[in-house]
Each structure stands twice: as C-alpha cells, then as structure tokens.
Amino acid sequence: MYRGDSDGLRAARAQLVSYSARLLADGLAIGSAGNISVRVGDLVAITPSGIGYTEMQPEDVCLVAINGSELDNSETPSSETPMHLAIYAATKAAAVVHTHSPEVIALSASRPELPAIHYAITGLGGPVRVAPYVRFGSAALAEAAVGALDGRSAVILRNHGAVTYGRDLAQAYDRALLLEWLARTYRMALSYGEPATLSPTELDEVTAEAQRRRYGERRQP
C-alpha cells in the first residue's frame, strides 16, 4: 500500500474491493471489465487493470493524484483513469462507477438516449444521453463522457458501457443499478410498441415534489 495511507484511503480501498465484487454479482460487468474509483482529498483510489474482481485485494487498489500523476502503486491503474479524473474535475463527484452492463450496452447501439420511461430517471438528472463512440482509455472518450454528463449524473457510452457518479460510492453504485433497470424497462416497453415517455414538465413536477417531500431520505433522529 501507499506509505501515506490515511484512514480515509484505507476505507476507500476496502470499499472498492467490496463494490467490485458486487459488479459481478449484480451483472454490471464480467471478469475485470468496468472500473470504480473514490476521491479522497486530492487523491483518487481506483481499481487496477487486469485483476479479476474475485481476486482483488485492498493493496491492489491504485492511487492517482487528481492531477493525473501516479503514486507508488504495485499494480497498473485502470485504463479509464483519464475518464474518472475528467469527471472529478468537471463535477462534484466523490465516486465514479463505470459498468459494462448488457441492457445499457444494447441500448447504446440503437438509441441516442435513454428516454424518461419512468419518473425514477429524475434521480439521474433526466433522460440519459448516449455519448458517441470513442476508443476506450482515450482522452477523447473522457471528453465525450464529460460533455454528455452535463446536467446529469449518468452517461451511456456507445458500444461500450455506462458511467455514473455520486456524493459517495453507495450513491454512484445505486445509480448504476437504476440505469440498468431503466434500460431493461425501456426494452420491455418497446416489445409492446412505441412507449409513452414523460415530458420535461412532468419530470420537473416529479423533481419538485420529491424535494418537497424529501423523497428517499431517512427521517433525522
């Protein structure tokens, strides 16, 4: 491990190992596909390249400075590190989840966006855009992802996968699960014909009511 590991970094490493295993269990990735990161101050803890999630240990998790410089890692940081860093630079994200989930990939190959098939999409900021295809690991992919994330907390990458972010890893991961569920629901709706979708006005109404009710928040003790 990095000799300067703080309690926060140790917790981030453990979280990344735990949630990486969930990627497989929840069908959001296979093998070592996809990647997850957590920001801790000016450092980013990110899953390594080429290690299967069932084999990953906390000491395998890599650390990268927010400016892109690599620390003394024992493994190679994910090839999508540039995309993660670009999202941290452009948003208030504290965690980023990149998946290769099948429903989302299938949608990415045939639609320009995931429309508002259900009001829960307001949790992602609205209809989710599909960013144009760009080679994995490239600066151009990072730029495309950030551009399509404007006003959203999720983006679909054409013929590739998806990215979600959140205030912590739990929220970012829940958004990845929600995105896959919405994509599957949309596909099922298409089997019946052209589905009705919610308008911007209807989505704004949902957002306002959710804020008024503090929907999804636990009551404070």
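Residues numbered from 1 in each chain as written. Predicted model: local features only at pLDDT ≥ 70, side-chain atom pairs only at ≥ 80, totals over all residues. Heavy atoms only, no water.

## Details of the sheet that holds strand β2 (residues 43-46)
Strand order in the open sheet made by the eight strands is β3-β2-β1-β4-β8-β7-β6-β5, with mixed pairing throughout. A strand with exactly one partner marks an edge of an open sheet, and here the two such strands are β3 (62-65) and β5 (113-114). The pairing of strand β1 (residues 35-40) with strand β4 (residues 95-99) spans four bridges and is classified as antiparallel. By the bridge assignment for β4, N35 is matched with H98. Helix α4 (residues 139-148) rests against β6 (128-131) and β7 (154-157) of the sheet, and its axis sits at about 135 degrees to β7. (Pairing = 2+ DSSP bridges. Helix = DSSP H or I, 4+ residues; strand = E, 2+ residues; numbered from the N terminus. Contact = heavy atoms within 4.5 Å. Axes fitted to C-alpha atoms, helices over the stretch in contact; angles between N-to-C directions.)

## Here's the deal with helix α5 (residues 169-190)
With 22 residues, α5 should cover 32 Å at 1.5 Å per step; its first-to-last C-alpha distance of 32 Å lies within 8% of that length. The set of residues buried in α5 consists of L169, Q171, A172, Y173, R175, A176, L179, E180, L182, A183, Y186 and A189. (Expected span 1.5 Å × (residues − 1). Buried < 20%, exposed > 50% of the residue type's maximum accessible area, 1.4 Å probe, protein only.)

## Structural notes on the nonpolar core
Of all hydrophobic cores here, the largest spans 25 residues; its most connected members are L16, L23, I36, V97 and L169. Looking at this core element by element, the count peaks at six residues for helix α1 (residues 7-25). Once residues within four sequence positions are removed from consideration, V97 is found in contact with L23, N35, I36, A162, V163, T164, L169, A172, Y173 and A176. Formed by 22 residues, the second largest nonpolar core is a distinct cluster that contains I46, A131, L149 and V163. (Core = buried A, V, L, I, M, F, W, Y, C linked by side-chain atoms within 4.5 Å.)

## Details of unusual backbone geometry
One can expect most non-glycine residues to show negative phi and most peptide bonds to be in trans. Look at N159: it is not a glycine, yet its phi comes out positive at around 55 degrees. For N159, a relative accessible area of 45% translates into the label partly exposed.

## A few points about the packing of helix α2 (residues 81-90) against α4
Where α2 meets α4, the axes come as close as 8 Å, and the angle between the chain directions of the two elements is 35 degrees. Read as a crossing pair, α2 and α4 show a hand that is right-handed. Every residue of α4 that contacts α2 at P82, M83, A86, I87 and A90 is listed here: L141, A142, A145 and V146. Grouping the constituent residues of the contact of α2 with α4 by class yields nine nonpolar, no polar and no charged. (Left-handed = near helix turned anticlockwise from the far one by under 90°. Nonpolar A, V, L, I, M, F, W, Y, C, P; charged D, E, K, R; others polar.)

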